[in-house]
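Residues per chain are reported as follows:
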Amino acid sequence: MVHISRICFRKYGNFMDNLRLYVRGGTGGMALPRLGGHGGNGGDVWVVATKNMTLKKIKDKYPLKRFLGGPGGNSSVRALKGERGKDEEISAPVGITVTADNGSILGELNAEGDRVLVAKGGSGGTPYSALLPKKGQAKHIRLDLKLIADLGLVGFPNAGKSSLLTALSSATPQIASYAFTTLRPEIGKLMYPDYKQISLADLPGLIEGAHINKGMGHKFLKHVERTQQLLFVVDVSGFQLASKTPFRSAFEAVQLLTKELELYKEELVSKPALLAVNKMDLPDAEDKLEELKVQLQNPEEFTNLLPDDMIPNNFIAFRHVIPVSASTGFGVDHLKNCIRLSLDEYAAMETSSVHQEKLQALRQQSCERF
């Protein structure tokens, strides 16, 4: 039997996925007049990936959100070279991208212990600098959390993502007949009989225009970047977000989801993807599923059904198309098996690719010797 555990952020307001901080390296120490010497360099400021840390913990512990490196020691008669200032370390969760205010990426924290230098301390005074030290770097930085998961669920509001996760698990996320029910990221863990664990990220629903930050916009899309594969979830009967918005068929929903991902970051649509066609308990669901399968086999032939701005540059070839009904449980076990199969196949391909690269490197080294 496959089990799933779940980590929920009960209130979106208590879950933070970005934080802005002020950082400043320490000022260098003074050189000693008459004798010269060398003042100590100021301490640096680092961001360090730490287990069981969250952005909210940082904010709560350091409400001023200011982090300063220690000042360098002055040169003295007893020590012509001053002591180096103490480094300041900011503990942050794994999965952080550190950026400057201008948007440039300073580094990423992908594993526990990873470190990013965010503000370098100033150099100490020397006879060459008129004995005067330099100030440390000062800037504002952003810590941007992108959830790391094996599989990311992608779907428009009311596609049944929350209901599907309820069918997969004993969890009870908020479910209702209105569109927006998932307002916070959630991570689930599937446990298989052989103790293999697979993590799933259930993320807030997209809307048309998400790539330009409409709705949850970038709050959703940035988390998709850190998933190995995607699980599209669509309503077999299509959907309509509101009375004033157009109705979208299941095929249109798939292509519009693809387009939103593509417009945000084109490489997202190159990820391996599965498609769960939900609500198969509805009337005429089988006929609509067959129609969708035909359209997905040759999507180029059905572009006339799409507005020009909805046509993706590249159509996704899904590894598996799985009909399910979250309300009755139909197809849920098959979906679990397909998720496992797809991830195992991908891992095997990655391993084979690494072996081929190492083998090629060894062959190249042998050729260079002769």
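These figures come from a predicted structure and were not determined experimentally.

Attention shifts here to the overall build of the chain. In terms of regular secondary structure, the chain is built from six helices and 15 strands. When contacts within the chain are restricted to residue pairs at least 6 apart in sequence, those whose partners lie at least 24 apart make up 73%. On the chain, roughly 19100 Å² of surface is accessible, and the fraction owed to carbon and sulfur atoms is 52%.

Under the definition given, this model contains four aromatic pairs. Consider the rings of F232 and F318, whose centres lie 5.2 Å apart with planes at 75°: the pair is edge-to-face. Of the two residues, F232 sits in strand 13 (residues 227-235) while F318 sits in the loop between helix 5 (285-297) and strand 15 (321-323), which places them 86 residues apart along the sequence. F318 matches F232 in its accessibility class, with the two residues each being buried. When the ring of F251 is compared with that of F302, the centres are 6.2 Å apart and the planes differ by 70°; the resulting orientation is edge-to-face. Placement of the pair is F251 in helix 4 (residues 250-264) and F302 in the loop between helix 5 and strand 15, with a sequence separation of 51 residues. Residue class for F251 comes out buried when judged on its relative accessible area of 1%. The ring centre of W46 lies 4.6 Å from the NZ or CZ of R115, which sits over that ring.

Let's shift gears to the sheet that holds strand 5 (residues 88-92). Strand order across the open sheet formed by three strands is 5-3-8, with mixed pairing between neighbours. Across the chains shown, the open sheet's two edge strands, defined by having one partner strand only, are strand 5 and strand 8 (115-119). Strand-to-strand twist across the sheet, computed as the mean angle between neighbouring axes with direction ignored, equals 25°. Across five bridges, strand 3 (residues 45-49) lies against strand 5 in parallel orientation. Opposite V45, over in strand 5, you have E88 as the bridge partner.

Okay, the pairing of strand 12 (residues 197-202) next. The buried count for strand 12 comes to five of six residues, which makes it a mostly enclosed element. As paired elements, strand 10 (residues 149-154) and strand 12 share three bridges and run parallel to each other. Looking across to strand 12, one finds that L151 is bridged to L200.

This part is about helix 4. Between its first and last C-alpha atoms helix 4 spans 21 Å; for 15 residues at 1.5 Å apiece the expected length is 21 Å, and the two agree. Counted residue by residue, helix 4 has 13 buried out of 15 residues, so it is predominantly covered.

With respect to the helices and strands, the residue L261 is situated in helix 4. Residue classification places L261 among the buried residues on the basis of a relative accessible area of 0%. For L261 and K222, which are 39 residues apart along the polypeptide, the C-alpha to C-alpha distance reads 9.9 Å. For L261, the residues in contact, after removing those within four places along its chain, are V154, L221, V224, L230, F232, E266, L268 and V269.

Let us now look at the pattern of salt bridges. Tallying each qualifying case throughout the model produces twelve salt bridges. Of the charged contacts, one joins K56 and D60 as a salt bridge, the two residues approaching to 2.9 Å between their closest N and O atoms. With a gap of four residues between them, K56 and D60 both fall in helix 1 (residues 55-61), about one helical turn apart. Ionic pairing is found between K336 and D333, a salt bridge with its closest N-O pair at 3.8 Å. Separated by three residues within a single helix, K336 and D333 lie in helix 6 (residues 332-369), roughly one turn from each other. Under the relative-accessibility criterion, K336 is labelled buried at 8%.

Ranked by internal contacts, the top residues of the largest apolar core, which has 30 residues, are F232, V234, L261, L275, V277 and F318. Where this core is concerned, the elements lending two or more residues are helix 3 (217-224), strand 13, helix 4, strand 14 (273-278) and helix 5. Leave out the neighbours within four places in its chain, and L275 touches L231, F232, V234, V254, L292, L296, F318, H320, V321 and I322. Listed in part, the 21 residues of the second largest apolar core include V47, L55, L143 and L145.

Moving on: the confidence of the model for the chain. This prediction gives the chain a mean pLDDT of 82; 81% of its residues lie at or above 70. Taken element by element, the predicted model of the chain shows its lowest mean pLDDT in strand 1 (residues 3-7) (45) and its highest in strand 4 (residues 66-68) (98). Considering only residues more than four positions removed or in separate chains, one finds that residues 4-13, a stretch of pLDDT under 50, has 30 contacts. Taken together, the stretch residues 207-218 has pLDDT below 50 and engages in 30 contacts with residues farther than four places along the chain or on a different chain.

Procedures and definitions
- The numbering scheme is per chain: residues are counted from 1 as the chain's sequence reads.
- This being a predicted model, a pLDDT of at least 70 is required before a residue's local features are given, and a value of 80 or more before pairs of side-chain atoms are given or counted; all residues contribute to the totals for chains, interfaces and linings.
- Excluded from the side-chain calculation are hydrogens and water; included are all heavy atoms of the structure.
- Strands are runs of DSSP state E lasting at least two residues, helices are runs of H or I lasting at least four, and both sets are numbered from the N terminus onward.
- By the convention used here, residues are in contact when the closest approach between their heavy atoms is within 4.5 Å.
- Here the open area of atoms and residues is found with the Shrake-Rupley method and a 1.4 Å probe, where only the protein chains shown may cover a residue.
- Two aromatic rings, drawn from Phe, Tyr or Trp (for Trp, its six-membered ring), form a pair once their centres lie within 6.5 Å of each other, and the interplanar angle then sorts them: stacked below 30 degrees, edge-to-face above 60, tilted otherwise.
- We call a residue buried when its accessible area falls under 20% of the maximum for its residue type, exposed when it is over 50%, and partly exposed in between, using a 1.4 Å probe and counting protein chains only.
- Cation placement over rings: the criterion is NZ of Lys or CZ of Arg within 6 Å of the ring centroid and within 35° of the ring normal.
- Any two strands with at least two DSSP bridges between them are considered paired.
- Axis lines are fitted through C-alpha atoms, for helices just across the contact stretch, and the angle between N-to-C directions can take any value from 0 to 180 degrees.
- Multiplying 1.5 Å by the helix residue count minus one yields the expected span of that helix.
- Definition used for salt bridges: Asp or Glu carboxyl oxygen within 4 Å of a side-chain nitrogen of Lys or Arg.
- Remark: nonpolar core denotes a set of buried residues (Ala, Val, Leu, Ile, Met, Phe, Trp, Tyr, Cys) joined through side-chain atoms within 4.5 Å.
- As a per-residue measure, pLDDT reflects the predictor's confidence and takes values from 0 up to 100.

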